[in-house]
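Next come the chains, spelled out residue by residue.
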Amino acid sequence: MDQTDAANVLKDVSSELLTCMQCGTCSGSCPSGRYTSMVTRKIVRMARVNKRVLKDINLWMCTTCYTCQERCPRQIKITDAILAIRTITVHDGCILPEHRRVSQLVLQYGHAVPINDAVKQKRKKLGMEALPETVHKYPDALLDVQTILKSCKFDELVAEGQEE
Ligand code: SF4
Ligand code: SF4
């Protein structure tokens, strides 16, 4: 995504959010907001008026549960907007180190949480095969996953040293 594309996405998102009346239903419904500094209503307000939202760490506190979007009296697609803004920020090189690490695990192992020996043992104790029916068991499929991720340049996006 180049700067023009990013600007256009942000503009589209901003116009979508213009009908917000700042009622706070979104923040009051947000499960993440109970445990983090995220205030959905503020994210919406900020996204309407300036680009600072792109640097707001609270963007990453959203679990994309869609509760706010389901309850917004103005039927604003809040979660979709947050996801669109995140896409811009990632292409701008802004990504939390934890997310970068998890993304690299997906790239390397095909899983955000790869299996380990302890889990393999537990599976066996439960009468299951040590490896689940995923790329862990089928390395050829892992190569396919990696090919797909590389073809869309996901590997470059989450590589170390891409921070701004
Ligand atoms: S629920 Fe909808 S209208 Fe109310 S503050 Fe949130 S985005 Fe705005
Ligand atoms: S989608 Fe995100 S912002 Fe909306 S309620 Fe869920 S966690 Fe909160």
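To be clear, the structure that these remarks concern was listed above.
Residues numbered from 1 in each chain as written. Chains lettered and ligands numbered in written order. Predicted model: local features only at pLDDT ≥ 70, side-chain atom pairs only at ≥ 80, totals over all residues. Heavy atoms only, no water.

Draft legend 1. Focus on unusual backbone geometry. You will see that Thr64, though not glycine, has its phi angle at about 55°, which is positive. Among the secondary structure elements, Thr64 is positioned in the loop between α3 (40–49) and α4 (67–71). (Helix = DSSP H or I, 4+ residues; strand = E, 2+ residues; numbered from the N terminus.)

Draft legend 2. Inspection of the site of ligand 2 at higher detail. In the neighbourhood of ligand 2, 14 residues make up the surrounding shell, with Cys30, Cys62, Cys65, Tyr66 and Cys68 lying closest. The set of elements that each furnish at least two residues to the shell around ligand 2 consists of α4 and α5 (78–91). (Near = heavy atom within 4 Å.)

Draft legend 3. Seen up close, the site of ligand 1. Surrounding ligand 1, one finds Cys20, Met21, Gln22, Cys23, Gly24, Thr25, Cys26, Arg41, Cys72, Pro73, Ile76 and Ile78. Broken down by class, the residue content of the shell around ligand 1 amounts to 8 nonpolar, 3 polar and 1 charged. (Nonpolar A, V, L, I, M, F, W, Y, C, P; charged D, E, K, R; others polar.)

Draft legend 4. The arrangement of the nonpolar core in detail. Counting 24 residues, the largest nonpolar core has Leu17, Val53, Leu59, Ile78, Ile82 and Ile85 as its most contacted members. Breaking this core down by element, the ones donating at least two residues are α1 (3–17), α3 and α5. Among the elements that take part in this core, α5 stands out by supplying 6 residues, more than any other. With sequence-adjacent residues up to four places away left out, Val53 is seen in contact with Ile43, Met46, Ala47, Leu59 and Ile85. (Core = buried A, V, L, I, M, F, W, Y, C linked by side-chain atoms within 4.5 Å. Buried < 20%, exposed > 50% of the residue type's maximum accessible area, 1.4 Å probe, protein only. Contact = heavy atoms within 4.5 Å.)

Draft legend 5. Molecular detail of the environment of Glu160. Position of Glu160 relative to the elements: it lies in the segment after α9 (154–157). Take Glu160: its relative accessible area is 55%, and that puts it in the exposed class. A C-alpha to C-alpha distance of 7.8 Å links Glu160 and Arg100, two positions 60 residues apart in sequence. Residue contacts for Glu160: discarding those within four places in its chain leaves Arg100 and Gln104.

Draft legend 6. Expanded view of the pattern of salt bridges. Taken as a whole and judged by the stated rule, the model has 3 salt bridges. Close ionic contact of Glu129 with Lys137 constitutes a salt bridge, the shortest N to O distance being 2.9 Å. Overall, the relative accessible area of 26% leaves Lys137 in the partly exposed class. Linked by salt bridges that have partners in common, Glu129, Glu133 and Lys137 make up one network. (Salt bridge = Lys/Arg side-chain N within 4 Å of Asp/Glu carboxyl O.)

Draft legend 7. Structural detail: the packing of α3 against α5. Orientation of α3 relative to α5, taken along the N-to-C sense of each, is 60°, at an axis distance of 11 Å. In terms of their interaxial angle, α3 and α5 are classed as oblique. When the axes of α3 and α5 are compared, the crossing they make is left-handed. Every residue of α5 that contacts α3 at Thr40, Ile43, Val44 and Ala47 is listed here: Ile78, Ile82 and Ile85. Partitioning the contact of α3 with α5 into residue classes produces 6 nonpolar, 1 polar and no charged. (Axes fitted to C-alpha atoms, helices over the stretch in contact; angles between N-to-C directions. Parallel < 35°, antiparallel > 145°, perpendicular 65-115°, else oblique. Left-handed = near helix turned anticlockwise from the far one by under 90°.)

These results come straight from atomic positions and should not be treated as a statement about function.
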